[in-house]
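Listed below, chain by chain, are the residues.
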Amino acid sequence: MTPALAVLELRDGVLRKISHEVVTGSQRLGRGVDAVLCASGAVQGADQIGKFGADKVITLTNPAFAKYAPEECAQAIAERAKQGGYRAVIFAASATGKDLAPRVAARLGVGVAADITDLAVEGDAITVTRPVYAGKALLKVKVASQPAVLSLRPNVFTPVERPKAGAPELAAVTVAPGRVVVREVKAAPAGTLDVAEAQIIISGGRGLKEPANFKVLEELAKAFGGKAAVGASRAVVDAGWRAHADQVGQTGKTVSPSLYIAVGISGAIQHLAGMRTSKVIVAINKDKDAPIFKVADYGVVGDLFEIVPRLTEEIRKLHG
Amino acid sequence: MAKNDQFVPARYQPPLPLDKLIVQDGAAGAGDRMELDVVIVGAGPAGLACAIELAKLAKADRTALNIGVLEKAEALGEHSLSGAVVNPRALRELFPELGDSDFPFRAPVTKEAVYLLTKGVKIRLPTPPTMHNRGYYVASLCEIVRWLGTKAEELGVNIFTGFPAAQLLVRDRAVAGVRTAAAGLDRDGRPSAGAMAPNDIVARVTALAEGTRGLLAQAWCQWQRVPSENPQIFALGVKELWETKRPLDRVIHTLGWPLPTDAFGGSFVYPLEPNLVALGLVVGLDYRDAGLDVHVLLQQFKRHPLLAALLEGGEVVEWGAKTIPEGGFYSLPQRRAGDGVVLLGDTAGFVDVPSLKGIHYAIQSGIYAARAIHQNLKNAESLSRYDDILNKSYVATELYRTRNMRLAFRDGFYWGGIQAALMTITGGRFPNGKYRMHRDAEVGRRFSPDVRARSAERSDGISKVDAVFKSGNSTRDTIPSHLIVGPDVPGDVARFYARMCPAGVYEVGENGFRVNAPNCVDCKATDVLGPRWTPREGGSGPKYKRM
Amino acid sequence: MKIAVCIKRVPDSETRVKIAAHGKALDESGVKFVMNPYDEFAVEEALRRKEKAGTGAGEVTVICLGPAAAQETIRTALAMGADRGVLLQADKIPADPFEVARMIAAELKSTSWDLILFGRMAIDDYNHQVGALTAELLGLPCVTAISHLEIEGTQGLAEREIEGGIEVVEFPLPAVLTADKGLNEPRYPALKGIMAAKKKPLEVRPVQASAGAFEVVALSPPPERKEGKIVGEGVGAVGELVRLLREEAKVL
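Residues numbered from 1 in each chain as written. Chains lettered and ligands numbered in written order. Predicted model: local features only at pLDDT ≥ 70, side-chain atom pairs only at ≥ 80, totals over all residues.

Undergrad: Please give an account of the packing of helix H2 (residues 70-84) of chain A against helix H3 (residues 95-107) of chain A that cites residues and values.
TA: Residues and elements named next belong to chain A. Axis separation between H2 and H3 bottoms out at 9 Å; the angle between their running directions is 50 degrees. With respect to each other, H2 and H3 are oriented oblique. For the crossing formed where H2 meets H3, the hand is right-handed. In this structure, H2 uses Pro70, Cys73, Ala74, Ile77 and Ala78 to contact H3, whose residues at the interface are Asp99, Leu100, Arg103, Val104 and Arg107. (Axes fitted to C-alpha atoms, helices over the stretch in contact; angles between N-to-C directions. Helix = DSSP H or I, 4+ residues; strand = E, 2+ residues; numbered from the N terminus. Parallel < 35°, antiparallel > 145°, perpendicular 65-115°, else oblique. Left-handed = near helix turned anticlockwise from the far one by under 90°. Contact = placed C-beta atoms within 7 Å.)

Undergrad: Run through the sheet that holds strand E7 (residues 121-125) of chain B, naming residues and quoting values.
TA: Residues and elements named next belong to chain B. Overall, mixed pairing links the 7 strands, which are arranged E7-E6-E16-E17-E18-E15-E19 in an open sheet. The outermost strands of the open sheet, each flanked by one partner alone, are E7 and strand E19 (315-325). Neighbour-to-neighbour, the strand axes of this sheet turn through a mean angle of 20 degrees, independent of strand direction. Summarising the sheet, strand E15 (residues 234-243) and strand E18 (residues 276-284) pair through 9 bridges and their orientation is antiparallel. Bridging across to E18, leucine 241 finds its partner in alanine 278. (Pairing = 2+ DSSP bridges.)

Undergrad: Could you give an account of the domain arrangement of chain B, with specific residues and numbers?
TA: Residue and element names in this part refer to chain B. By the assigned domains, chain B splits into domain 1 (31-82 + 145-182 + 191-228 + 332-401), domain 2 (110-134 + 233-324) and domain 3 (443-533). Distance between the C-alpha centres of domain 2 and domain 3: 22 Å. In this assembly, 25 residues from domain 2 lie in contact with 28 residues from domain 3. The set of elements that each furnish at least two residues to the side of domain 2 that touches domain 3 consists of E15, helix H6 (294-301) and E19. A per-class count over the side of domain 2 that touches domain 3 returns 11 nonpolar, 6 polar and 8 charged. (Domains from an automatic or database assignment. Nonpolar A, V, L, I, M, F, W, Y, C, P; charged D, E, K, R; others polar.)

Undergrad: Go over the confidence of the model for chain C, please, and point to the residues and values.
TA: Detailed reading of predicted coordinates is not advised where the pLDDT is low. Per-residue confidence for chain C gives a mean pLDDT of 93; residues scoring 70 or more make up 99%. Among the scores for the predicted complex, ipTM is 0.91 and pTM is 0.88. (pLDDT = per-residue confidence, 0-100.)

Undergrad: Before we move on, could you go through the sheet that holds strand E4 (residues 33-39) of chain A and cite the residues and values that matter?
TA: Residues and elements named next belong to chain A. Overall, parallel pairing links the 7 strands, which are arranged E7-E11-E6-E1-E4-E5-E12 in an open sheet. Two strands in the sheet have a free side with no partner beyond their single neighbour: strand E7 (112-116) and strand E12 (167-172). Taking each pair of neighbouring strands and ignoring which way they run, the sheet shows an average axis angle of 25 degrees. Two strands pair when backbone bridges link them, and strand E6 (residues 88-92) and strand E11 (residues 148-152) are joined in this way by 5 bridges, in the parallel orientation. In the sheet register, alanine 88 faces E11, and the bridge partner there is alanine 148. Along the sheet face, helix H1 (residues 18-27) touches strand E1 (4-7), E4, E6 and E11 and points at about 145 degrees away from the line of E6.

What follows is the structure, given as structure tokens:
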């Protein structure tokens, strides 16, 4: 039984946590899992990936891999996948994974079963589940490609420790120089995240008492590392505390973050129309009878000035 | 103004901004200029029927006519809303080559019932003769419009969606075309990066088919001082489309509860499919209680035993609202044709209230207008031919027969009901003469001291904001306000506006009176009773699918 | 400058999803179809590059794989200013994106393009790969999800968003690029553009789509939203909240 090949991801020379999810997810195929990554040299701590169930950890080395080199990396991984006769090649559906997976798949003559939230094996066939229509439906697909190339939606395959050997293998590879060259990675300019598009929205209402206190929400947003935007309830925008651009939709526009945190908003939810389609709603308010708790999936009653900083701490720990 | 004093909405309503609505052709301000033979404002049943008939006539005598239809919605049907039970007569005339089964109807009406409701009780009434619907079809106006649109495009008609006509272009006393609204303006009215300037569309004939309370039609009538015996009056209909767990096999109309006895109106419940039910409440805008809220009444109505079982476990899939011109025969403009212009459909007021029918009149008026336009373009015959055809047609005869029926109800439901019955029995001969009617805005209102009525604010059913969401409205928040508010809006008037608007555009809160213009679903109730409505950038407003 | 833009006809993002009786696809009755919003950025970018190239020096071809009704989608692009359209007509779009890429690549192969643009992903299937797969099949360099583009002769520079940063990428032309939001502000089709679109060439070519290696088993609604709960009171509840968000809700 040929194993699965889990493709790991590096950032600034360190293995990203999402790699744990990929290895964990690859276990579902019920065969062995080999992990592979492209790096310019040995990566500190790469062997730790054995903890999550990798039999082997293969580091393909080439100076070009000092940063993300799309074509070189794709070539190296595709060749290794072919060499090893792997049953499946599995990526994280991260920004890089979404770029790399199709390149590798095309070289293997197949498409990617992308952004999946579940996978199962029936006999020799692999069946995957993926959200479609902006999460309004789930599609179940039988993937017959050989090998199967899959990408896993982040934050779904919670890493589980099931230690295996994690035997390290270092292999220098030669690759043709790529035409697409990453010159640099710049920091995202602050505050450009549009409330309408953010994956995470932290909205503040009158409960914040004064405009300066929005700092508390901005700290929380920062802890999410660029994925979160700070929104404002209409009451607060009317009062001139926040810019109109921060106002979460009032006319029924669909604002669809995966996480919506309403802080100090009592239940003028009717002014925050469309946040109903948020995947998860969290409410923080000192009034336990506030109507917002009826709409929230999770609520915490109490003083937001104590709760939010603590939440910020916890999120920082997670994302660290 | 002391609390509970009567106030007259007209006092706080700005006048029609005529100087902004009528523009000399050639005036600066437009980007592109396009010339057509005929421009039709509004791709509803009247506008599209006119386009289709005109295209057919041109084809038959091999003239090449450049016909354009302007529609403010982003796609056909998105601003169309009606019950509806449709009389197929006009469609048969428009498409003599087709049979009823080819038309975009949902189901023929087989069973029907009329009820008088009180709270908790329903009393079956014999169906009034004006309301028989056998031989008619339950339909979605959105679907009819999309179907007509396909037919029109097959005939070479150009349909431009996303282009609201905002101003009339004129040359001396003649209408020369229209100027469309600008797009991409920010909150303060300044053009943003992707902005689009207004366009001038110049044509030999302009057909105004703007639907209820058409802005340009109002402007033209006022400008050319076209009178009508009575002012036009309106009702507001709020409608929901439900997917139900239980089936419905009949068309239902109700009178009575939850309307107060001094308001005119009723409800309809129509199955498009056994488990797809359109229901709505229609209330005349001359209601006396300033706190009356049609949307809230609809939410109450749904809890009546007549409906509660049907709706249990079901889901609202769409919500919408629209006004209906109710003045009938005496409220029609005395001329519906002028130099370079004709008025079609609801915009002219061709609606028969007692039978709740307007769609086939709209289509019929489009057909007649097309014939007159064709002769005008071909032989320079006067467009007044359109009026001649109309005046001799069944449209006029039928509207005349029921000319006083709605008006009788201004004296209240019971007395009105008796008068209406007498009118029916005498075939319209009672009473002779006509009832005088006030403009809706001239009817005095006051807030009822009834605490129960006021607490109806905290209603069951769906909130206005959720309702607007269900209308498909996704107008951008940063759009400039399209509503012209009077300079003085005292507290009671503001509260009246808040109840009047089904979409929650007007709010009275801690910070005073607030206008949430993007919520607007273009029902036009505001134009009748409060702040004046003007068109916004194309594609704004609701996106009805099967209303 | 010869530019190709590949577009897709998709259900409007506000569509209420109803599943067809056979349980494998969307019930399309009453569904409004539009051009994939990400493709609008691609079309707009193509038009801007054509305009930059100067009058008569650029040509934009729009290619779409879809059913006959997709002609309307192509007309929208023509109304915006594209010069010609090609509809690869197939009633069913294969579930296997590699098959889709194969058909599009076959169409593109016969011309030597300076630039080929796609939207980064389609809002119905979220596959996020057809552009990149097509590039590989054509042997062309590819940069995905670009939100900024500069072209100097045959050298290109693009920016793309990654977690916590912006990648700056250089590449040579000809190339395949997939467009992300922020690349530009798509123009409204002008009235004249809508009229002119009717006269622009739109070739309809029926194609045989093979099933590929993916088979749809079922399309189903997402799991019901569970009742909300108050996790706890005060600072002490935060730990539990975070745990639930991570493990139960899976949003962290």
